[in-house]
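Listed below are the residues making up each chain.
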Protein chains: 4
Amino acid sequence: MEERIHVPLIEIPAQVRAGEPFQVKVSIGKEIPHPNTTEHHISWIDLYFHPEGGRFPRQVGRFAFVAHGEAVSGANQAPVYADPELVVTVYLERPGTFHAMALCNIHGLWQSDEVLTFGGPAAAN
Amino acid sequence: MEERIHVPLIEIPAQVRAGEPFQVKVSIGKEIPHPNTTEHHISWIDLYFHPEGGRFPRQVGRFAFVAHGEAVSGANQAPVYADPELVVTVYLERPGTFHAMALCNIHGLWQSDEVLTFGGPAAAN
Amino acid sequence: MEERIHVPLIEIPAQVRAGEPFQVKVSIGKEIPHPNTTEHHISWIDLYFHPEGGRFPRQVGRFAFVAHGEAVSGANQAPVYADPELVVTVYLERPGTFHAMALCNIHGLWQSDEVLTFGGPAAAN
Amino acid sequence: MEERIHVPLIEIPAQVRAGEPFQVKVSIGKEIPHPNTTEHHISWIDLYFHPEGGRFPRQVGRFAFVAHGEAVSGANQAPVYADPELVVTVYLERPGTFHAMALCNIHGLWQSDEVLTFGGPAAAN
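We now turn to the structure provided with this report. Since this is a predicted model, take the numbers as computed values, not measurements.

What counts and what doesn't
Residues numbered from 1 in each chain as written. Chains lettered and ligands numbered in written order. Predicted model: local features only at pLDDT ≥ 70, side-chain atom pairs only at ≥ 80, totals over all residues. Heavy atoms only, no water. Least-squares fit on C-alpha atoms with pLDDT ≥ 70 in both. Contact = heavy atoms within 4.5 Å. Salt bridge = Lys/Arg side-chain N within 4 Å of Asp/Glu carboxyl O. Buried < 20%, exposed > 50% of the residue type's maximum accessible area, 1.4 Å probe, protein only. Pairing = 2+ DSSP bridges. Helix = DSSP H or I, 4+ residues; strand = E, 2+ residues; numbered from the N terminus. Buried area = accessible area lost by both parts, 1.4 Å probe. Polar contact = N/O pair within 3.5 Å; in protein donor to acceptor, adjacent residues only side chain to side chain.

## Re the relation of the copies chain B and chain C
Right, on to step 1. For the pair chain B and chain C, the relating rotation is 180°, the translation along its axis is 0.0 Å, and the fit reaches an RMSD of 0.0 Å. Seen this way, the second copy is the image of the first under a two-fold rotation axis. Every residue of chain B has its C-alpha some distance from the rotation axis, and the shortest such distance is that of B:Arg62, at 5.2 Å.
Right, on to step 2. A shared interface surface links the copies, since 100% of the contact residues of chain B are contact residues in chain C too.

## Side note on the pattern of salt bridges
Right, on to step 1. Applying the stated criterion across every chain yields a total of 24 salt bridges over all chains.
Right, on to step 2. For A:Glu20, the salt bridge goes to A:Arg17, with nearest N and O atoms at 3.0 Å.
Right, on to step 3. With relative accessibility at 33%, the residue A:Arg17 sits in the partly exposed group.
Right, on to step 4. Here the residues in one salt-bridge network are A:Asp46, A:Arg62, D:Asp46 and D:Arg62, joined through shared partners.

## Brief notes about the sheet that holds strand β4 (residues 42-51) of chain B
Right, on to step 1. Taken in spatial order, the 10 strands of this open sheet run β2(A)-β8(A)-β7(A)-β4(A)-β5(A)-β5(B)-β4(B)-β7(B)-β8(B)-β2(B), and their pairing is mixed. Each of the sheet's edge strands pairs with one partner strand only, and the pair in question is β2 (15-16) of chain A together with β2 (15-16) of chain B.
Right, on to step 2. When β2(A) meets strand β8 (residues 108-118) of chain A, the two strands line up parallel, connected through 2 bridges. Residue A:Gln15 lies in a different strand from β8(A), and its bridge partner there is A:Thr117.

## Here's the deal with the relation of the copies chain C and chain D
Right, on to step 1. Of the transformation superimposing chain C on chain D, the axial component is 0.0 Å and the angular component is 180°, with the fit at an RMSD of 0.0 Å.
Right, on to step 2. Both copies share a contact surface, since 100% of the interface residues of chain C are interface residues in chain D too.

## Section: the interface of chain C and chain D
Right, on to step 1. Chain C puts 33 residues into the contact, and the matching count from chain D is 33 residues.
Right, on to step 2. Here chain C and chain D share an interface that buries about 2800 Å² over both sides, 60% of which is from carbon and sulfur atoms.
Right, on to step 3. Of all residues in chain C, the largest losses of buried area upon contact with chain D belong to C:Arg58, C:Pro79 and C:Tyr91, amounting jointly to 23% of the total for that side.
Right, on to step 4. Our count for the contact surface shared by chain C and chain D stands at 0 salt bridges.

## Considering the environment of D:Phe49
Right, on to step 1. Following the sequence through the fold, D:Phe49 ends up in strand β4 (residues 42-51).
Right, on to step 2. Distance in space between the C-alpha atoms of D:Phe49 and D:His99 is 6.1 Å, their sequence separation being 50 residues.
Right, on to step 3. When near neighbours in sequence (up to four residues on either side) are disregarded, D:Phe49 contacts C:Val80, D:Pro57, D:Arg58, D:Val60, D:Leu92, D:Arg94, D:Pro95, D:Gly96, D:Thr97 and D:Phe98.

## So, the environment of B:Arg17
Residues and elements named next belong to chain B.
Right, on to step 1. Topologically, Arg17 is positioned in the loop between β2 and β3 (22-28).
Right, on to step 2. Sequence spacing of Arg17 and Val88 is 71 residues, and the spatial spacing of their C-alpha atoms is 17 Å.
Right, on to step 3. Only 3.0 Å separates the side chain of Arg17 from the side chain of Glu20, close enough to count as a polar contact.

Listed below in structure tokens is the structure:
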């Protein structure tokens, strides 16, 4: 159960071509939403890309979600919430693997990976 | 010129309803893309929401873009880049104003605002 | 009152010399400590430096304080807390002004400034 | 060599007592300083604490170092630099292990751990 609501889901195209911008969506708890309360929430999602054959991963971004309902009137009273998901635009010169890491403020660190290959119909020309 | 490539663009629906999730897109340099090199890039975009009539703004998120081409082989050689734009999912209990702030690593801080009202056809029922 | 517990205090040497490392301490609520609970805390402190005569500020760092007592057993139960203060090591090629900005999760943004001049006895040689 | 300039050094007291504030210093490249240039630098240091017997680590803070010499006039021309080190103030209700993680913008992620026990002369009373 803990796993199903915490593991990041990385959504990318099946294939991309070198230099072509594409979208990476990362979300937490797709099937069963993770709580988003002052007391229990996803604090951030970090996204890495490890190029095939490379020695080191690169960090694409660090995305912190800050609005969890805290208000002067008390916990879970604020008028704005942000879900633990985001879409960023990336382009690559090499294929490789995306890694997403997320922090739940009470259940710690969770990670997942998604491999991206280069290719597709148009790239065959 | 500096202004046209730096000021954040906040894209939101014309109207939303209380509690309904919607997407906020923030990007930099829509018409003229901002450079994205090791030496000159957008470091981060912060998003705030100031509820109508409220005394204090809330911070929705802090989004840092880290991949600007740095590599062992030198500047601007890495195989991954992320554009300074992102889409997040937000829901509100009150209307108000979004503020986006962005940092260019050499041209400093840039800000913009977008007012969001509540309503729309379905809300009229 | 709100002001006394929120405005960042920047502590720097009276004077420094070009290229010489020195410490910058930034803290919140020196006289009256700011609360540090799951419901009410300082989320982060950002530090900027604006060189004298320069057009743009530089960002020195972004420092997020994440441990506010959240635990599986409930709010304010976790065994680790971090106070909203930090010391960083900086060196300058020009005098200028430090700006600290802090976010209270319920009372919004607070800012302060501290001017730093170059000089001192040894620099007179 | 890469290891000697990248692994975070965590400096803590030999022992602390429950609830007593103490300082944690984290630095990179103590013996051999890590480069701090626009092209090659430490991007951030994250600090975690894993309480003894606990299932999950807690994140103490996320500390990004942003000033690496970028300037309008070119790389490595800016008048402000921050070294990859910081001191934060922490208090604990239980002993445990600190973990520091750091990102070099070209050599990836590096980690180290430091165990902290409770006790000391005064605690013997």
